[in-house]
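# Chains, contacts and geometry: an overview
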Amino acid sequence: MSTQHAVHQTLPPEPERATLEGRNKVLGFWLFLAGECVLFGSLFATFVALRDQTNGGPAAAELFQLPMVALTTVILLTSSLTSVLGILAMHRNKLAQTQAWFVVTVLLGLFFLGLEIYEFVEYYRHGHRLTSSAFGSAFYTLVGFHGGHVLFGILWISLLIAQSFKKGLTVVTAPKFYVASLYWHFVDLVWVFIFTVVYLMGMVA
């Protein structure tokens, strides 16, 4: 079945796997995520090795405010849930619900980024800067790199939402939502590791 022909048919239950192109997109994206795992693994290893090198500056236990970090974690995990609801709506061929759930996902992502920027500003005021110590460099590289991924995900999903108003849900557009949702889950999973390794371990070290 060609992709062009499938577009004009009723959306199948799992449209992201209805065409060879869709299946290849999903497979290719899993390979991309494997590379991302290696990249983030390197950043985590660097942070763990340097987290005690404060160069006389504030240590993690003096800086981190766990209630705010816990709030950002809840926000991001909730956004993962809303993206799942968006995919479930997509599988039911409910365009408006799919768009609505992904709009909520984007809004939660923006809320997360706003809190992260506020957090960075507070740390900067306390002398915890990118160049102040090896700990600072490793922290801002890891957490900031993750924040960059969140921003990219927000822009990506926003473009897909805008595109869906023109093209609707088809076997061509649905795999894009599915892959973007996979990406968003990956970003959330990385944050769980950051919350555990950077913040929780930093408070008890």
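In this numbering scheme, every chain counts its residues from 1 along its sequence in written order. Predicted model: local features are reported for residues with pLDDT of at least 70 only, side-chain atom pairs are reported and counted for 80 or more only, and whole-chain, interface and lining totals are derived from all residues. The side-chain figures draw on all heavy atoms in the structure; neither hydrogens nor water molecules are used.

### Side note on the confidence of the model for the protein chain
- When the pLDDT values of the protein chain are averaged, the result is 91; 95% of them are 70 or greater.
- pLDDT is a residue-level measure of predictor confidence that goes from 0 to 100. Note on definitions: a residue-residue contact is assigned when non-hydrogen atoms from the two residues lie within 4.5 Å. Here residues 1-8 scores under 50 on pLDDT; set against residues more than four positions off or in separate chains, the count is eleven contacts.

### Concerning the packing of aromatic side chains
- Any pair of Phe, Tyr and Trp rings, taking the six-membered ring for Trp, is counted once the centres come within 6.5 Å. Such a pair is stacked with planes under 30 degrees apart, edge-to-face with planes over 60 apart, and tilted for the rest. Across all of its chains, the model carries 22 aromatic pairs by this definition.
- For the pair Phe64 and Tyr199, a centre-to-centre distance of 4.7 Å together with 55 degrees between the ring planes defines the contact as tilted. Taken together, the residues Phe64 in the loop between helix H3 (60-63) and helix H4 (66-91) and Tyr199 in helix H7 (residues 174-204) connect sequence positions 135 residues apart.
- Think of it in three bands: with a 1.4 Å probe and only protein chains considered, a residue is buried below 20% of the maximum accessible area for its type, exposed above 50%, and partly exposed in between. Residue class for Phe64 comes out buried when judged on its relative accessible area of 3%.
- The buried category is assigned to Tyr199, whose relative accessible area is 0%.
- With 5.9 Å between their ring centres and 50 degrees between their planes, Trp191 and Tyr199 make a pair best called tilted. When sorted by exposure, Trp191 lands in the same class as Tyr199, which is buried.
- Ring-pair connections join several aromatic residues into one group, and the members of that group are Phe47, Phe64, Phe112, Phe120, Tyr123, Phe135, Phe139, Tyr140, Trp191 and Tyr199. Secondary structure elements are taken from DSSP: a helix is a run of H or I of four residues or more, a strand is a run of E of two residues or more, and numbering for both begins at the N terminus.

### Notes on the packing of helix H2 (residues 20-50) against H7
- Here H2 crosses H7 at 15 degrees, and the two axes come no closer than 10 Å. By the angle between their directions, the pair H2 and H7 is classed as roughly parallel. At the point where H2 passes H7, the crossing takes the right-handed sense.
- Of the residues assigned to the contact of H2 with H7, the class counts are 21 nonpolar, one polar and three charged. Under this scheme, a helix contributes an axis fitted over its contacting stretch, all axes are lines through C-alpha atoms, and angles between N-to-C directions fall in the 0 to 180 degree range. Reported orientations rely on four angle classes, namely roughly parallel under 35 degrees, roughly antiparallel over 145, roughly perpendicular from 65 to 115, and oblique for the rest. Helix crossings are classified by the rotation of the near helix relative to the far one: an anticlockwise turn of less than a right angle makes the crossing left-handed, while a clockwise turn makes it right-handed. Residues are sorted three ways: Asp, Glu, Lys and Arg are charged, Ala, Val, Leu, Ile, Met, Phe, Trp, Tyr, Cys and Pro are nonpolar, and all the rest, Gly among them, are polar.

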